[in-house]
Amino acid sequence: MALSERDKVSGHMTTGHEWNGIKELNTPVPRVVYIFLISATIFSVTWTILMPSWPGINDYFRGLLGADQQAEVRQSVAEGVAERSSWTDAIVDEDFTTIRADPSLMQTVRETGKMLFAENCAACHGAEGLGNPGFPNIIQAPTMWGDDPATIMETIRVGINSAHDETRYGQMLAFGRDQMLPLSDVDRVVTYVQTLSDPAIATADNAEDIGEGATIFADNCAACHGETGTGMQETGAPNLTDQYWIYGGDRSSIRHTVYYGRQGLMPTWEGRLTPAYIKLLALYVADLRTAAK
Amino acid sequence: MIADLTRAERTWAMIIVGGLTVIGLAMAVGGRNDLLGVHGWMVMIVGLAGFAMMIRQFDAPEPDPERLQHYYDAPTRAGIILTLIWAVIGMFVGLWVATLLAFPDLTFDAAWASFGRLRPVHTSGVIFGFGGNALIATSYHVLQRTTRARLPDQISPWFVLLGYNLFCVIAASGYMMGLTQSKEYAEPEWYADIWLTIVWVVYFSIYIRTLMRRKEPHIYVANWYYMAFILVVAMLHIINNLAVPISLGSAKSYSLFSGVQDAMTQWWYGHNAVAFFLTSGFLGMMYYYLPKRAGRPIFSYRLSIISFWGITFMYMWAGSHHLHYTALPQWVQTLGMAFSVVLLVPSWASAGNALMTLNGAWHKVRDDAVLRFMALAVIFYGLTTLEGSFMAIQAVNSLSHYTDWTIGHVHAGALGWVAMIVFGSLYALVPTMWKRPKLYSAKLVEVHFWLALSGTLIYVFAMWNSGVTQGLMWRTYSESGALTYSFIDSLVAMHPYYIARAIGGLLFLLGAIVASYNIGMTIRSPIAETSDDAGQDLPAQPALQAGE
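Residues numbered from 1 in each chain as written. Chains lettered and ligands numbered in written order. Predicted model: local features only at pLDDT ≥ 70, side-chain atom pairs only at ≥ 80, totals over all residues. Heavy atoms only, no water.

1. Structural notes on the UniProt feature "domain: Cytochrome c" (unreviewed entry) in chain A
Residue and element names in this part refer to chain A.
Phase 1 of the analysis: Here the UniProt-annotated "domain: Cytochrome c" (unreviewed entry) positions come out as residues 108-197 and 208-289.
Phase 2 of the analysis: The span residues 108-197 shows a helical share of 47% and a strand share of 0%, and its end C-alpha atoms are spaced 39 Å apart.
Phase 3 of the analysis: Between the first and last C-alpha atoms of residues 208-289 the distance is 40 Å; the span itself is 51% helix and 0% strand. (UniProt positions renumbered as here; feature names shortened; annotations may be inferred. Helix = DSSP H or I, 4+ residues; strand = E, 2+ residues; numbered from the N terminus.)

Next comes the structure, spelled out in structure tokens:
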């Protein structure tokens, strides 16, 4: 054990301990550390006196300021609702035509709708609403259930094939898998459906298939998709004659659809979004559709 | 390694690896319909490999009794190499997940390569693989030098080092297979936790048994910190991992805690893992290698004492600041914040004690990149603890929580403090351990220093910007009182910062590779003819004697 000695650089004495050449100075704790410690402690103790803090057996000290985090959240939510009621009330009360004619209200619809759409709709329908495989393009394509704002609002409210009691219900039957059509008929009707949107498919070689396909279509498909395949909003069956496809318009996708059927899902937003926000989103989508035309 | 063991120790080692083989077999059979079985086979292969090595060398000559007159440094040497291997692995996976965040398609549609599975490989790889091995390796060295006693035996240090690495491998491979308790930094499942507990108890016993035989009247401050690290981590690990496996043949278990109690237990663990693993342990490292390298006495023994007890006492109560504005009762949040604020005082006292120790040696900091690594580490330690206490204040936390600011804060600590003090200490330690006159290249240490510093700064600044941007976007309201930005808008805004973060991480990884090369070449360089301190670096107390 080394003896205590004076360090030349600092002028302080060492403690006299030494470990493998490491020594320690016996420097007193600098005053600044005590000042710092005392002020930090005063701050913290004061804070615990002001705010809910020290626990007892059955309860805790509520703090002199009577702060309550949960009450603050409730109050701040209520204030937000009150602040937004200046326009949410108008959205709920006015009819669609009046709102769409009100430029300042539509400004709010466009700003807020953009955020609401990105948070709630974009995950399936895409950031621009242009659709993804399995989820329709809701901006450019003809809608399945109707594209006036009131119908769009109803679709958002109840969803499609959703858990809502009043859900819209749409099902494409599994004609192949459930043996409603023999495989050869599935192939023929698929060829016919292809010609609806792409007449160039028809050649002299497949004229017979297409002819039989048309008959099969009239017997099995027209009830929902319409005689001409242009879709029916009463059944939610899509238009087959345009260039928009939910599940793909190539032969193998169409064949998959006819064979296995389809049952898309759109969740119900009632209860998850306020009536004002549902109506606002309907206005927003209708507005985008108008702009896209 | 085996040649160092006495015949009796070899027998014990046979029993241990044999037992490990049997445990592995039992896990493989019991868990044959579960991923537990895969780990069973891995454990069994490790056990069998150890058994085969023991058999081959079992009849080798008894070790030279003269060895007991020296310190036992072979486990430290192995630990240094393992530290470097884990550094490169852990930081590479870190770079990978950072790149994934900027370019999410890089998962190749493979489950094991998804962000959720790779992220814990990164965190455990750097914290436990890199940091843990560095702590074990340096603690063996510091413990012996500051007690002037040789480690008590030759088998338990190996058991701890290799057993710990087995835990790390089980943990990382489990994450990639999808095995997790979903507790941050405590992801490994019950059987890995039990194994680590055994390893950890032996680790603590090595400390106690060596300290009891010390030939110095006082216990050096570095050992207080290393012991706090070992003891508290044991306590945290055991309590947070209390869980019931669904069966002994299944890897899955359920925590004993649920709801907000579970969250509080987890963050009591999580925060104190930062405190006692990433702070206390590395402060122990700093308290030995920094004054040793600087050739200066510790600035103040008294300051060491109050900061040690300050850190040890205050940290314990601060965990609830991870749960501000959650279901956690407000009074617990207030107390967490209050303790976190006071915690800054002992943290800065430690940093100040280290920096003041450098008084009289600042010219060495300028000229010697090894000491500069340690000095910079202390500065980052000071900055990070200031930031930590600041972020624990509820009003600040309401902006910073759930944002990349937290990630920036953690990496200021992990890269700036933990990794820098490790690399500085390893550079100081390696020549002595392998009895080489000096490092292979001082220039490469300089290169590493600047890579590490620039990588850390790029990383931390990118995350500060990203975090504050996120936090502000999430709370921006339009004039109509609705949120202005959707969540996806904030993701788009972060993209450039995520690329910058990956570049910072790449620089840091390159630094670690340079360090590994430099240390590898040092080991391969010719041995010193006569070491400067030959004849001095010897224990006063040899290993545990029969009847002791």
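2. Describing the packing of helix α8 (residues 259-294) of chain B against helix α12 (residues 369-391) of chain B
All names here are of chain B.
Phase 1 of the analysis: For the pair α8 and α12, the least separation of the axes is 10 Å and the interaxial angle reads 140°. The angle between the axes of α8 and α12 places the two elements in the oblique class. Both α8 and α12 take part in a crossing whose hand is left-handed. Here α8 contributes Thr279, Leu283, Met286, Tyr289, Leu290, Arg293 and Ala294 to the contact with α12, which in turn contributes Val370, Leu371, Met374, Ala375, Val378 and Tyr381.
Phase 2 of the analysis: Its residues assigned to classes, the contact of α8 with α12 comprises eleven nonpolar, one polar and one charged. (Axes fitted to C-alpha atoms, helices over the stretch in contact; angles between N-to-C directions. Parallel < 35°, antiparallel > 145°, perpendicular 65-115°, else oblique. Left-handed = near helix turned anticlockwise from the far one by under 90°. Contact = heavy atoms within 4.5 Å. Nonpolar A, V, L, I, M, F, W, Y, C, P; charged D, E, K, R; others polar.)

3. Let's talk about the pairing of strand β2 (residues 22-25) of chain A
Phase 1 of the analysis: Pairing analysis gives three bridges linking strand β1 (residues 14-19) of chain A to β2(A), with the strands arranged antiparallel. Across the sheet, Trp19(A) pairs through a bridge with Ile22(A), a residue of β2(A). (Pairing = 2+ DSSP bridges.)

4. Things to note about the UniProt feature "transmembrane region" (unreviewed entry) in chain A
Phase 1 of the analysis: What UniProt calls "transmembrane region" (unreviewed entry) maps, in this numbering, to residues 32-50 of chain A.
Phase 2 of the analysis: Along residues 32-50 of chain A the backbone is 100% helical and 0% strand, and the end-to-end C-alpha distance reaches 27 Å.

5. Overview of the domain arrangement of chain B
Residue and element names in this part refer to chain B.
Phase 1 of the analysis: We note that the domain assignment places domain 1 (1-60) and domain 2 (73-524) within chain B.
Phase 2 of the analysis: A separation of 31 Å is found between the C-alpha centroids of domain 1 and domain 2.
Phase 3 of the analysis: Contacts between the two partners involve 20 residues from domain 1 and, on the opposite side, 20 residues from domain 2.
Phase 4 of the analysis: With both chains or domains summed, domain 1 and domain 2 bury close to 1600 Å², and 77% of this area falls on carbon and sulfur atoms. (Domains from an automatic or database assignment. Buried area = accessible area lost by both parts, 1.4 Å probe.)

6. Regarding the pairing of β1(A)
Phase 1 of the analysis: With five of its six residues buried, β1(A) lies for the most part within the structure.
Phase 2 of the analysis: What sits between the antiparallel neighbours β1(A) and β2(A) is a turn of two residues, in which Asn20(A) has the positive phi angle 50°. (Buried < 20%, exposed > 50% of the residue type's maximum accessible area, 1.4 Å probe, protein only.)

7. Description of the interface of chain B and chain A
Phase 1 of the analysis: Counting residues at the interface gives 49 residues for chain B, matched by 46 residues for chain A.
Phase 2 of the analysis: Three residues stand out in chain B for area buried against chain A, namely Gln330(B), Trp331(B) and Val345(B), and they jointly supply 15% of the buried area on that side.
Phase 3 of the analysis: Linking chain B with chain A are one salt bridge.
Phase 4 of the analysis: One salt bridge in this structure joins Asp7(A) and Arg296(B), with 2.8 Å as the shortest N-O distance.
Phase 5 of the analysis: On the surface where chain B and chain A come into contact, there are 18 residue pairs in polar contact (both at pLDDT 80 or more).
Phase 6 of the analysis: Where the side of chain B that touches chain A is concerned, the elements lending two or more residues are α4 (115-147), α8, α9 (301-315), α10 (330-357) and α16 (487-524) of chain B.
Phase 7 of the analysis: In terms of residues, the side of chain B that touches chain A owes the most to one element, α10(B), which gives twelve residues.
Phase 8 of the analysis: In terms of residue class, the side of chain B that touches chain A is built from 28 nonpolar, 15 polar and six charged. (Salt bridge = Lys/Arg side-chain N within 4 Å of Asp/Glu carboxyl O. Polar contact = N/O pair within 3.5 Å; in protein donor to acceptor, adjacent residues only side chain to side chain.)

8. Section: helix α1 (residues 7-30) of chain B
Residues and elements named next belong to chain B.
Phase 1 of the analysis: Along its 24 residues, α1 runs 34 Å from first to last C-alpha, staying within 8% of the 34 Å computed at 1.5 Å per residue.
Phase 2 of the analysis: Along α1, the residues that are buried comprise Glu9, Arg10, Ala13, Met14, Val17, Gly18, Leu20, Thr21, Gly24, Met27 and Ala28.
Phase 3 of the analysis: Looking at the buried residues of α1, the elements they touch are α2 (35-57), α5 (156-177) and α6 (190-212). (Expected span 1.5 Å × (residues − 1).)

9. Details of unusual backbone geometry
All names here are of chain B.
Phase 1 of the analysis: Phi is positive for Ser182, which is not a glycine, with a value near 60°.
Phase 2 of the analysis: For Ser182, the location among the structural elements is in the loop between α5 and α6.
Phase 3 of the analysis: Residue Ser182 is classed as exposed on the basis of its relative accessible area of 64%.
Phase 4 of the analysis: Its identity as a non-glycine residue notwithstanding, Lys435 has a phi of 55°, on the positive side.
Phase 5 of the analysis: For Lys435, a relative accessible area of 49% translates into the label partly exposed.

10. Some remarks on a nonpolar patch on the surface
All names here are of chain B.
Phase 1 of the analysis: A cluster of nonpolar side chains, namely Phe103, Leu106, Phe108, Ile458, Ile499 and Ile503, defines an oily patch on the protein surface of about 520 Å² accessible area.
Phase 2 of the analysis: Take Ile503: it is sitting in helix α16.
Phase 3 of the analysis: Taking the relative accessible area as the measure of exposure, Ile503 reaches 43% and is therefore partly exposed. (Patch = residues over 30% accessible without salt bridge, like charges linked within 9 Å, V, L, I, M, F, W, Y side chains within 5 Å. Areas by Shrake-Rupley, 256 points an atom, 1.4 Å probe, with all protein chains shown as cover.)

11. Some points on a negative patch on the surface
Residue and element names in this part refer to chain A.
Phase 1 of the analysis: Taken together, the side chains of Asp89, Asp93, Glu94 and Asp95 make up a negatively charged region of the molecular surface.
Phase 2 of the analysis: Checked against the element boundaries, Asp95 lands in the loop between α2 (69-93) and α3 (96-100).
Phase 3 of the analysis: Looking at Asp95, the relative accessible area reads 44%, which means it is partly exposed. (Lys, Arg positive; Asp, Glu negative; His and termini not counted. Charge placed at Lys NZ, Arg CZ, Asp CG, Glu CD.)

12. Topic: the pattern of salt bridges
Phase 1 of the analysis: Across all of its chains, the model carries 24 salt bridges over all chains by this definition.
Phase 2 of the analysis: Asp59(B) serves as the salt-bridge partner of Arg7(B), at 3.9 Å between the closest nitrogen and oxygen. Linking Arg7(B) in helix α1 with Asp59(B) in the loop between α2 and α3 (74-102), this pair joins segments that are 52 residues apart in sequence.
Phase 3 of the analysis: Arg7(B) sits in the partly exposed class, given a relative accessible area of 35%.
Phase 4 of the analysis: Owing to a relative accessible area of 61%, Asp59(B) belongs among the exposed residues under this scheme.
Phase 5 of the analysis: Here Glu189(B) ties to Lys252(B) by a salt bridge, and the two come within 4.0 Å at their closest N and O atoms. Of the two residues, Glu189(B) sits in the loop between α5 and α6 while Lys252(B) sits in the loop between β1 (243-245) and β2 (253-255), which places them 63 residues apart along the sequence.
Phase 6 of the analysis: The exposure class of Glu189(B) is buried, given its relative accessible area of 4%.
Phase 7 of the analysis: Through salt bridges with shared partners, a single network forms among Glu154(A), Arg157(A), Glu166(A) and Glu270(A).

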